[in-house]
Amino acid sequence: MIKNKTWDVFCKIIDNYGDIGVSYRLSKNLVELNQIVRMFVSELHPFKKIEPRIDTSKCEQIIDNIQIILWDNSACSVSILDSIVPSDIIIEMFACNLPDNYLFHITDKSIWINLEYLSAEDWVEECHEKMSFSNGHFKYFFFPGFTDKTGGLNFEQNLITKQSQGKQIGKQIIETKYGIDKIVSRNTLCCSIFCYENKTILSLLANVDENIIFIVPEGVFSAYLMRYSELYRITVLDGSLMVNQFGVYIKIIPMTNQHDYDQLLISCDLNIVRGEDSFVRAQILSTPFFWNIYQQIDNAHLKKLDDFLEKYKVCVDDDQLFESLVYISNSLNTPTYEYDNSIFYKVHFINILQNLEKLQNSATRWQNRIMKIGTLARNLILFAQSSEK
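Nothing here was measured: the structure is a model prediction, and the numbers come from that model.

Each value, and the rule that gives it
Position numbers for residues count from 1 along each chain, tracking the sequence in the order it is written. It should be noted that, the model being predicted, local features are given only for residues of pLDDT at least 70 and side-chain atom pairs only at 80 or more, the latter also being counted only at that level, while totals for whole chains, interfaces and linings use all residues. Water and hydrogen atoms play no part in the side-chain values, which are based on all heavy atoms of the structure. Each helix corresponds to a stretch of at least 4 residues labelled H or I by DSSP, and each strand to a stretch of at least 2 residues labelled E; elements are numbered beginning at the N terminus. When we talk radius of gyration, it's over C-alpha atoms, and the globule rule is simply 2.2 Å times the number of residues to the 0.38. The buried label goes to any residue with under 20% of its type's maximum accessible area, the exposed label to any with over 50%, and the partly exposed label to all in between, with areas taken from a 1.4 Å probe on protein chains only. Whether two residues are in contact is decided by their heavy atoms, any of which lying within 4.5 Å being enough. Where accessible areas are quoted, they stem from the Shrake-Rupley method and a 1.4 Å probe; at the residue level, only the protein chains shown are allowed to cover. Pairs of strands are assigned from DSSP output, requiring at least two bridges between the strands. Orient the strands so they point away from the viewer; a crossover is then right-handed if the path from the first strand over the helix to the second runs clockwise. Only the six-membered ring of Trp is used, alongside the rings of Phe and Tyr, when aromatic pairs are assigned; centres must lie within 6.5 Å, and planes under 30 degrees apart are stacked while those over 60 apart are edge-to-face, with the rest tilted. By nonpolar core is meant a set of buried Ala, Val, Leu, Ile, Met, Phe, Trp, Tyr and Cys residues that side-chain atoms within 4.5 Å join together. Between N-to-C directions, angles cover 0 to 180 degrees, with each direction set by a line fitted to C-alpha atoms, over the stretch in contact for helices. Orientation categories follow fixed angle ranges, with anything under 35 degrees roughly parallel, anything over 145 roughly antiparallel, 65 to 115 roughly perpendicular, and all other angles oblique. For any pair of crossing helices, the crossing counts as left-handed if the nearer helix is rotated counterclockwise from the farther one by less than a right angle, and right-handed if it is rotated clockwise. Only Asp, Glu, Lys and Arg are considered charged, only Ala, Val, Leu, Ile, Met, Phe, Trp, Tyr, Cys and Pro nonpolar, and every remaining residue, Gly among them, polar.

Where do I start with the overall build of the chain in this structure?
A tally of helices and strands in the chain yields 15 helices and 15 strands. Relative to the compact-globule value of 21 Å for 389 residues, the chain shows a C-alpha radius of gyration of 22 Å, a close match. Each of the three principal axes of the chain carries a C-alpha extent, and together these read 65 × 45 × 40 Å. Within the chain, buried positions represent 57% of all 389 residues. Contacts in the chain between residues far apart in sequence, at least 24 positions, make up 65% of those at least 6 positions apart. As displayed, the chain offers around 17300 Å² of accessible surface, 50% of which is attributable to carbon and sulfur atoms.

Even after reading the chapter, I still don't get unusual backbone geometry, so can you show me in this structure?
Positive phi, close to 50°, is recorded for Asp64, a residue that is not glycine. One can find Asp64 in the loop between strand 3 (60-63) and strand 4 (66-70). You can call Asp64 partly exposed: its relative accessible area is 42%. Residue Phe94 is not a glycine yet carries a positive backbone phi of 55°. Tracing the backbone through its elements, the reader meets Phe94 in the loop between strand 5 (89-93) and helix 4 (100-103).

How do you make sense of the pairing of strand 14 (residues 270-274) when you look at a structure like this?
Walk down a regular strand and you will see the side chains alternate between the two sheet faces. Of all five residues that make up strand 14, five are buried, and the element is covered over most of its length. Residues Leu270, Ile272 and Arg274 point to one face of strand 14 and Asn271 and Val273 to the other, with burial holding for every one of them. The sheet contact formed by strand 9 (residues 189-193) and strand 14 spans three bridges and is parallel. Of the residues in strand 14, the one forming a bridge with Cys191 is Leu270. Sheet topology note: the strand 14/strand 15 (residues 289-292) ladder contains four bridges and is parallel. The residue of strand 15 that forms the bridge with Arg274 is Asn292. On the question of chirality, the crossover connecting strand 14 to the parallel strand 15 by way of helix 10 (residues 277-284) is right-handed.

Can you help me understand the side chain of Asp307 in this one?
With respect to the helices and strands, the residue Asp307 is situated in helix 11 (residues 301-312). Leaving out residues up to four positions away in the same chain, Asp307 has contacts with Ala120, Glu121 and Asp122.

What am I meant to see in the packing of aromatic side chains here?
Aromatic ring pairs are reported here in terms of the distance separating the ring centres and the angle at which the planes meet. Enumeration according to the criterion identifies 26 aromatic pairs in this entry. The interplanar angle of 5° and the centroid separation of 4.4 Å between the aromatic rings of Phe10 and Phe40 together place this pair among those described as stacked. Placement of the pair is Phe10 in strand 1 (residues 6-11) and Phe40 in strand 2 (residues 36-41), with a sequence separation of 30 residues. Residue Phe10 is classed as buried on the basis of its relative accessible area, which comes to 0%. A relative accessible area of 0% means that Phe40 is categorised as buried. Seen in terms of ring centroids, Tyr224 and Tyr228 are 5.1 Å apart; in terms of plane orientation they differ by 65°. Their pairing is edge-to-face. Here Tyr224 pairs with Tyr228, and both are found in helix 8 (residues 220-228), just four residues apart, close to one helical turn. Classification of Tyr224 as buried rests on a relative accessible area of 7%. Using a relative accessible area of 33% as the deciding quantity, one classes Tyr228 as partly exposed.

I'm lost on the nonpolar core in this one. Help?
For soluble globular proteins, the rule of thumb is that nonpolar side chains tend to be buried together. With 128 residues, the main nonpolar core has Phe47, Ile91, Ile193, Phe221 and Phe308 as its most contacted residues. Leaving out residues up to four positions away in the same chain, Phe308 has contacts with Ala120, Phe146, Phe279, Gln283, Phe289, Trp291 and Trp366.

Whenever I open this one, the environment of Gly136 confuses me. Can you help?
Tracing the backbone through its elements, the reader meets Gly136 in the loop between strand 7 (130-134) and strand 8 (137-142). Of the residues examined, Gly136 reaches a relative accessible area of 46% and is grouped as partly exposed. Separated by 53 residues in sequence, Gly136 and Leu189 place their C-alpha atoms 56 Å apart.

Whenever I open this one, the packing of helix 11 against helix 12 (residues 319-333) confuses me. Can you help?
In contact at an axis separation of 11 Å, helix 11 and helix 12 are set at 165° when each is read in the N-to-C sense. Here helix 11 is positioned roughly antiparallel relative to helix 12, judged by the angle of their axes. Regarding helix 11 and helix 12, the two cross each other, and that crossing is right-handed. On helix 12, the residues that touch His301, Leu302, Leu305, Asp306, Leu309 and Tyr312 of helix 11 are Phe322, Leu325, Val326, Ser329, Asn330 and Asn333. Looking at the contact of helix 11 with helix 12 residue by residue, the class counts come to seven nonpolar, four polar and one charged.

So what exactly am I meant to see when it comes to the sheet that holds strand 5 here?
Sheet strands line up and pair through hydrogen bonds in the backbone, either parallel or antiparallel. Strand order in the open sheet made by the eight strands is 3-4-2-1-5-6-8-7, with mixed pairing throughout. Of all strands in the sheet, those bounded by a partner on one side alone are strand 3 and strand 7. Between one strand and the next, the sheet's axes are offset by a mean angle of 25°, whatever the strand orientation.

Just checking my understanding: could you explain the sheet that holds strand 9 for this structure?
Strand order across the open sheet formed by seven strands is 11-12-13-10-9-14-15, with mixed pairing between neighbours. Single-partner strands in this sheet number two, and they are strand 11 (235-236) and strand 15. Here two bridges tie strand 11 to strand 12 (residues 241-243), and the two strands are oriented antiparallel to one another. What sits directly across from Thr235, in strand 12, is Val243.

So, in structure tokens, the structure goes:
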């Protein structure tokens, strides 16, 4: 039985909306399970990009039963933290380091949890739910993951209902909303691209010659694409529409809120995602995808990519299709990867497009597999209850 508890979720926004995206989804999922949540956020302007209802002039506000508090050096923020009573459970997102004036008030009545970044590496299982001593208090380390020895993935209880409704709305609503129906036919394939700056994807956009349109939400990659479009023989038709030398269109759309981004993922035949939040959404919404992982020093991110693909492999029953998944994934994520354009496009990307139905079946099998682990929010609640003093 789940008990109603109070939660403080601390998020320090670094870049690219990933930290706030994961933190906000988790907060919403906790509220969905009847928990009382306060979010402490270091910046409000990036938050507003994914939640337009945010009022950046307010130090404190409530949206959908989540109390959102600005965590910075402003007088109002300092005043709130100076006099605060910590909640039953404290979530420190991604080792963001809690503010000193909050740490001062922590007692042994609170359960302090550091929520780590998502990884498919095997060592995660050994470290999950382990405890350390920090600032005079015990702190637990909680790892999202892909096995039942981890905390699972960050998704909502009513996911299947949302997915079903999204598929019923279908591609037509996306095409109409962004004016795509005026430039492509109904049977044109659709691929969304939400990635970091990436030369391999630029090259793909320049060389693809199939009945497909690419949809790119505003952000670091859309700016990168605009900057190098001429070099890659991509013509800018207006501020949001581009076309390559073969007549394949690229549509840049405004940065969306989380609900609309989910609808975009569901509606597209293929998605290129990045980081953690969009990566998880592509999986949990059962969509074919490629993952542009956040690049780390000494290419440490490639080990995470390999470990994920090794786990995902059990759901792909076509060896040649899996070979294409691996080839494209490696070329997207290795700056010095010496891939052959003709092999990348004419062999592997074409193989993906010709086998989207198989890839969709693999995505559905993977969704079923990871949903059995339970939601990250629910697993956090159960862990906190088992750790009560």
